[in-house]
Number of protein chains: 2
Amino acid sequence: MNQHTVTIEDVAAAAGVSVATVSRALRDLPNVAPSTREKVRAVAAELSYVSNPSASRLAAGRTGTVAVVVPVFDAWYFSSVVAGIEAVLKAVNVDLLLYAVGNEADRVSFFAGRGAWWQRSDALVMVDVALGEESAQRLASSGARIVTVSGETEHFSSVSLDEHAAAATATQHLIDRGHTRIGVLTGESLSAGFRVPLVRLEGFRHALRTAGLEVDPSLECSGNFSMEGGAEAMAALLDGPNPPTAVFAMSDEMAFGAIAEVRSRGLASPQDVAIIGFDDHQMAELMGLSTIRQPVETVGELAGKAVLATIQKTAAPISHQIVETQLMVRSTT
Amino acid sequence: MNQHTVTIEDVAAAAGVSVATVSRALRDLPNVAPSTREKVRAVAAELSYVSNPSASRLAAGRTGTVAVVVPVFDAWYFSSVVAGIEAVLKAVNVDLLLYAVGNEADRVSFFAGRGAWWQRSDALVMVDVALGEESAQRLASSGARIVTVSGETEHFSSVSLDEHAAAATATQHLIDRGHTRIGVLTGESLSAGFRVPLVRLEGFRHALRTAGLEVDPSLECSGNFSMEGGAEAMAALLDGPNPPTAVFAMSDEMAFGAIAEVRSRGLASPQDVAIIGFDDHQMAELMGLSTIRQPVETVGELAGKAVLATIQKTAAPISHQIVETQLMVRSTT
DNA sequence: TTGAAAGCGCTAACAA
DNA sequence: TTGTTAGCGCTTTCAA
């Protein structure tokens, strides 16, 4: 990618104007005579001029780029959210830098110092990545522009859902179906320190207590948010001394694993074990899985708009948006 | 993200050396006295110095960034490949810019001029995005560094699989099971002009002919590479005058849709209709779907390494890597 | 081994 | 409305 590159000076010379005028004309800034703007545009097109982003970033102090950090990328939820963000960024020609911080080492090095995205992007969207209070404070006071998805802090705008209520709704649905021994497939967070699984667990327990049911720790089993983990956790629950008649899986993928495990034992849902998931994964409908729908594309879209607000306005107010979830009753309950 | 930023000059001053020395010391270049290097490192750490990427890019003419373009990323295959690429780039601290060119307009504007990634990245990975011969030639001669996944050209390194053979293998498997009326769920490419679906179709037909079976266009139906499309295409086939007893779906997601359609009619696989997919999607095993496994993470990894080669070496030779596919026989056949 | 200095290509005062 | 010019922060010859 070398070749002789045509610069703003070449355009200026060819158009018979100064580089400043070329810069203004091409960026649609005011105070350029229409005829001049036209001529500059024509010459630029003729020469296939493309402004050098590194130079303009250095001079302007802006990158026109947003960084997005996720725990992993090859999971339905995350790639969907990123897709939503990308769509809104593309519309305003902002680039998207992607970082995955799957393990603790990645996470630490990503946030070390001012953060790996520092100066490479104007702002950061953190999707389901934990941000401790101290770090949040430090970043906020160092002027970082951040939007968090599912991880509200007082320092930055956020997009999230009412995890507690959603988990309670799922659990209540099982209770409404007459179940009294209800298990839960939990998971350590994909991102250390991330609280969502805990909040969902609290919502689950809360619903049980509210219904006068006992909270039995032996009915809580980690499925690690994966299909395999869900199958194993389901197996553990079914092999227990007093197996549940219904199970709430904190993710659809775990629920899929659970369904597979149930079927492999010649049992059926909901007859032998009712199952409800969380997400409304692309395949949930096909599997007939009852679940809590969360509008992933909307989450991405709102996060994208929020992050644009942080870089476009001066001092955009911090906003905390809550998206609605919806109980989807299908055939597994 | 303003605040006063510490620059290389601050470090130089504090360490009592020149900026050139700081630059060398921090980038591990030779010809720096060990003691000097140590001191510079210490001072830089003390000051929390981070070099400004825009400035270094401008000066060095390299971006340390790779762009990846996919048709969409909220699809299992693409997010998996991107994850594979990301992993190898992260290991060498190269940033990843992500672009989706889902529709023709995006595609055109992305490739207009020297391409949107021009000067924002050192090289580009194109995953399942069509690149016409003329464009390829133009880009190659303009010095673009590109790696294609599933879209071999003579101009750039590529990673792909033998689509023709893989499709034939899937079809042959159905033939081996004794089927003689075999349908296929095809799809327009997600990326206009992309030939993979056509090549798979040819492989399918080739297998039929080789087995002495007739090629019946009425048994070829587009499912658009989506679950819904797969279900609809399957319905169309089953409602035809002479329905197939087996079906090859060009993607697992279409196969899932087909399975759902079959089940919804009270039919079963493989008894009433055998189904084989293509991908070995995360959920294929759970669904008991026979399929052609393609090693997505490996594809991403190879593509990542290939693209690094294009920017690290001077004149890395063009390589065309073929990854192996594998027939996974499960319960739908 | 180290430093001086000339850019890299652009933006944004400020002047005209 | 347009031009002049001083940087933006770094890399990289070339000299010392």
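Calculation notes
Residues numbered from 1 in each chain as written. Chains lettered and ligands numbered in written order. Predicted model: local features only at pLDDT ≥ 70, side-chain atom pairs only at ≥ 80, totals over all residues. Heavy atoms only, no water. Helix = DSSP H or I, 4+ residues; strand = E, 2+ residues; numbered from the N terminus. Buried < 20%, exposed > 50% of the residue type's maximum accessible area, 1.4 Å probe, protein only. Contact = heavy atoms within 4.5 Å. Buried area = accessible area lost by both parts, 1.4 Å probe. Salt bridge = Lys/Arg side-chain N within 4 Å of Asp/Glu carboxyl O. Polar contact = N/O pair within 3.5 Å; in protein donor to acceptor, adjacent residues only side chain to side chain. Domains from an automatic or database assignment. Core = buried A, V, L, I, M, F, W, Y, C linked by side-chain atoms within 4.5 Å. Least-squares fit on C-alpha atoms with pLDDT ≥ 70 in both. Near = heavy atom within 4 Å. Nonpolar A, V, L, I, M, F, W, Y, C, P; charged D, E, K, R; others polar.

## Considering unusual backbone geometry
Residues and elements named next belong to chain A.
Working step 1: Across the junction of Ser-269 and Pro-270, the peptide omega takes the value 5°, indicating a cis bond.
Working step 2: Note that Pro-270 resides in the loop between helix H11 (252-264) and strand S9 (274-276).
Working step 3: Positive phi values are uncommon outside glycine, yet Ser-150 reaches one of about 55°.
Working step 4: Relative to the elements of secondary structure, Ser-150 occurs in the loop between strand S4 (146-149) and strand S5 (157-161).
Working step 5: Looking at Ser-150, the relative accessible area reads 8%, which means it is buried.

## Some thoughts on the interface of chain A and chain B
Size of an interface, as often reported, equals the accessible area lost when the parts are brought together.
Working step 1: Each side of the interface is counted separately: chain A has 53 residues, and chain B has 54 residues.
Working step 2: Taken together, both faces of the contact between chain A and chain B bury some 4900 Å²; the carbon and sulfur share is 57%.
Working step 3: For the salt bridge of Asp95(A) with Arg120(B), the shortest nitrogen-to-oxygen distance reads 2.5 Å.
Working step 4: For the pair chain A and chain B, the number of links is 15 residue pairs in polar contact (both at pLDDT 80 or more).
Working step 5: At the level of secondary structure, the elements contributing two or more residues to the side of chain A that touches chain B comprise helix H4 (53-60), helix H5 (76-91), strand S2 (95-100), H11 and helix H12 (284-287) of chain A.

## As for the domain arrangement of chain A
Working step 1: By the assigned domains, chain A splits into domain 1 (8-51), domain 2 (65-160 + 297-323) and domain 3 (163-293).
Working step 2: Using only C-alpha atoms to locate each centre, domain 1 of chain A and domain 3 of chain A end up separated by 61 Å.

## As for the nonpolar core
Working step 1: By size, the foremost hydrophobic cluster in this structure holds 147 residues, and its most contacted members are Val68(A), Val127(A), Phe248(A), Val68(B), Leu98(B), Val127(B) and Phe248(B).
Working step 2: In this structure, Ala136(A), Leu139(A), Leu97(B) and Phe110(B) belong to the second largest nonpolar core, which totals 34 residues.

## Focus: the relation of the copies chain A and chain B
Working step 1: At an RMSD of 0.1 Å, chain A and chain B line up after a rotation of 180° and a shift of 0.0 Å along the axis. Taken together, these values place the two copies in the relation of a two-fold axis.
Working step 2: When you check the interface residues of chain A against chain B, 100% turn up at the interface there too, and the contact is symmetric in its surfaces.

## Comments concerning the protein's contact with DNA strand C
Working step 1: In the region of DNA strand C, 25 residues are neighbours, and Ile8(A), Ser23(A), Tyr49(A), Arg24(B) and Thr36(B) sit closest.
Working step 2: One of the side-chain nitrogen or oxygen atoms of Arg62(A) is found 3.2 Å away from a phosphate oxygen of DNA strand C.
Working step 3: Within the backbone of Ala59(B), an N or O atom sits 3.3 Å from a base oxygen of DNA strand C.
Working step 4: If you list the elements that add at least two residues to the surface near DNA strand C, you get helix H2 (19-26) and H4 of chain A together with helix H2 (19-26) and helix H4 (53-60) of chain B.
Working step 5: For the surface near DNA strand C, the element with the most residues is H4(A), which contributes four residues.
Working step 6: Here the residues of the surface near DNA strand C sort into 12 nonpolar, nine polar and four charged.

## Details of the environment of Ala303(A)
All names here are of chain A.
Working step 1: Summarising the element assignment, Ala-303 is placed in helix H13 (residues 296-312).
Working step 2: The class of Ala-303 is buried, set by a relative accessible area of 0%.
Working step 3: Between the C-alpha atoms of Ala-303 and Val-88, which are 215 residues apart in sequence, the distance is 9.1 Å.
Working step 4: Not counting residues up to four positions away in its chain, the partners in contact with Ala-303 are Ile-85, Val-125, Val-147, Val-149 and Val-159.

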